[in-house]
Amino acid sequence: MSNVDECYIEILRLVKQAGSIIREKISQRKDVLTKSCDVDLVTKWDQEVEKLLIDGISFIGEESTASGQKVELTDAPTWVIDPIDGTMNFVHGLPHTCVSVALLINKVAEIGVVYNPILEQLFTARKGQGAFLNGAPIHVSDEKELRKALVMVEMGTSRDPEKLKIVLQNITLLTAQVHGIRTLGSAALNMCMVALGGADVSFEFGIHAWDIAAGDLIVREAGGVSIDPAGGPFDVMSRRTLCASSMELAQQLSKILIQYYPERD
Ligand code: IPD
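Here's what I pulled together on the structure shown here. Note that this is a predicted model, so its numbers are computed, not measured.

Looking now at the pattern of salt bridges. One pass over the structure, following the stated rule, counts 12 salt bridges. Between Arg126 and Asp5 there is a salt bridge, with the nearest N and O atoms lying 2.7 Å from each other. Placement of the pair is Arg126 in strand S7 (residues 121-126) and Asp5 in helix H1 (residues 3-25), with a sequence separation of 121 residues. Given the relative accessible area of 24%, Asp5 is considered partly exposed. The salt bridge partner of Glu24 is Lys25, with a shortest N-O separation of 3.1 Å. Among the ionic contacts, a cluster of salt bridges with common partners joins Glu145, Arg147 and Lys148.

Moving on, we get to helix H7 (residues 247-256). Within H7, the full set of buried residues consists of Leu249, Ala250, Leu253 and Ser254. For H7, the angular spread of the buried residues around the axis is 130°, confining them to a single face. Lining the buried residues of H7 we find helix H4 (161-175), strand S12 (201-205), strand S13 (225-227) and strand S14 (240-244).

With that settled, the discussion passes to the sheet that holds strand S11 (residues 180-182). Think of a sheet as strands paired side by side through backbone hydrogen bonds, with each pair either parallel or antiparallel. Spatial strand order, S11-S10-S12-S14-S13: five strands in an open sheet with mixed pairing. Bordering the open sheet on either side are S11 and S13, each of which pairs with just one other strand. Averaged over all pairs of adjacent strands, the angle between their axes in this sheet comes to 20°, without regard to strand direction. Judged from the three bridges that link them, strand S10 (residues 150-153) and S11 form a sheet pairing that is parallel. Its bridge partner lying in S11, Leu150 is registered against Gly180. Across the sheet, H4 lies against S10, S11 and S12, angled at about 160° from S12, the strand it touches most. Its contacts with the sheet place helix H5 (residues 187-196) against S10, S12 and S14, and it is angled at close to 155° to S12.

This paragraph deals with the site of the ligand. Taken together, 14 residues lie near the ligand, and Glu62, Asp85, Gly86, Thr87 and Glu204 sit nearest. Here an oxygen atom of the ligand sits 2.8 Å away from a polar atom, N or O, in the main chain of Gly86. For the ligand, whose free accessible area comes to 380 Å², the fraction covered by protein is 93%. Under a 2 Å grid-point criterion requiring more than half of the atoms, the pocket assigned to the ligand is the largest pocket. Here the residues of the shell around the ligand sort into three nonpolar, five polar and six charged.

Thresholds applied
Residues numbered from 1 in each chain as written. Predicted model: local features only at pLDDT ≥ 70, side-chain atom pairs only at ≥ 80, totals over all residues. Heavy atoms only, no water. Salt bridge = Lys/Arg side-chain N within 4 Å of Asp/Glu carboxyl O. Helix = DSSP H or I, 4+ residues; strand = E, 2+ residues; numbered from the N terminus. Buried < 20%, exposed > 50% of the residue type's maximum accessible area, 1.4 Å probe, protein only. Arc of directions from axis to C-beta. Contact = heavy atoms within 4.5 Å. Pairing = 2+ DSSP bridges. Axes fitted to C-alpha atoms, helices over the stretch in contact; angles between N-to-C directions. Near = heavy atom within 4 Å. Polar contact = N/O pair within 3.5 Å; in protein donor to acceptor, adjacent residues only side chain to side chain. Areas by Shrake-Rupley, 256 points an atom, 1.4 Å probe, with all protein chains shown as cover. 1 Å grid on protein atoms, 1.4 Å probe; cavity = no way out; pocket = protein on both sides within 12 Å on 5 of 7 lines; lining within 4 Å. Sits in = over half its atoms within 2 Å of the grid points. Nonpolar A, V, L, I, M, F, W, Y, C, P; charged D, E, K, R; others polar.

This is the structure:
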């Protein structure tokens, strides 16, 4: 058994354990703190889940960097962890929330796991081995035309007026040009919806590495593509993401989006 095999078995065990905490706490009253702004929420359960996941491994984790320190992605095997993606949904009891974990070696994603313990959806991928939902293979929709696409997008947590203006301009311009727009509150699950073929494209500015590292691999292993929203190569630390069911669709969208460049992770 290779090192990556052992890592994969261990991370599935940990993610399931993390999911039990989310499942138990989602319907209970929670004390909620804020981070970068009033709508960037965190609970003690985000911190507890992250602690459970990182004990003993090299990692980049959302709650461990919440006090503002910069993270550095090196060539070393690195787990990139969002203990609870969709914390706002978790706080409100909306059952669309997940644990997101990726393993990067030499900055290349080897393992991606996204687990919604409320709806029991376990998305998994390993480099070169396909993508799965609860063990069954999944595939993107293969949609190539923007006008027929269902688009996932998020407002994000930043309330910077310049960023909000661009997000709303993009939503306005896209509304007339696509089948529909959805905003469900978890970037990792948005990407999994593209992997599943339930949505055709997902993009966001201002996202962090821990929100997208696992989703990126899951989408690509499901036959989709992941690029920078301006059309260049995907960069997990850039805080910009666009994934789609086909390169044709990804490039069509990238050509019309109004761009926003947040400070990198
Ligand atoms: C957030 C969610 C949300 C996205 C934000 C993320 P969190 O992650 O993925 O959908 O719009 O940009 O920060 O804070 O719930 O882990």
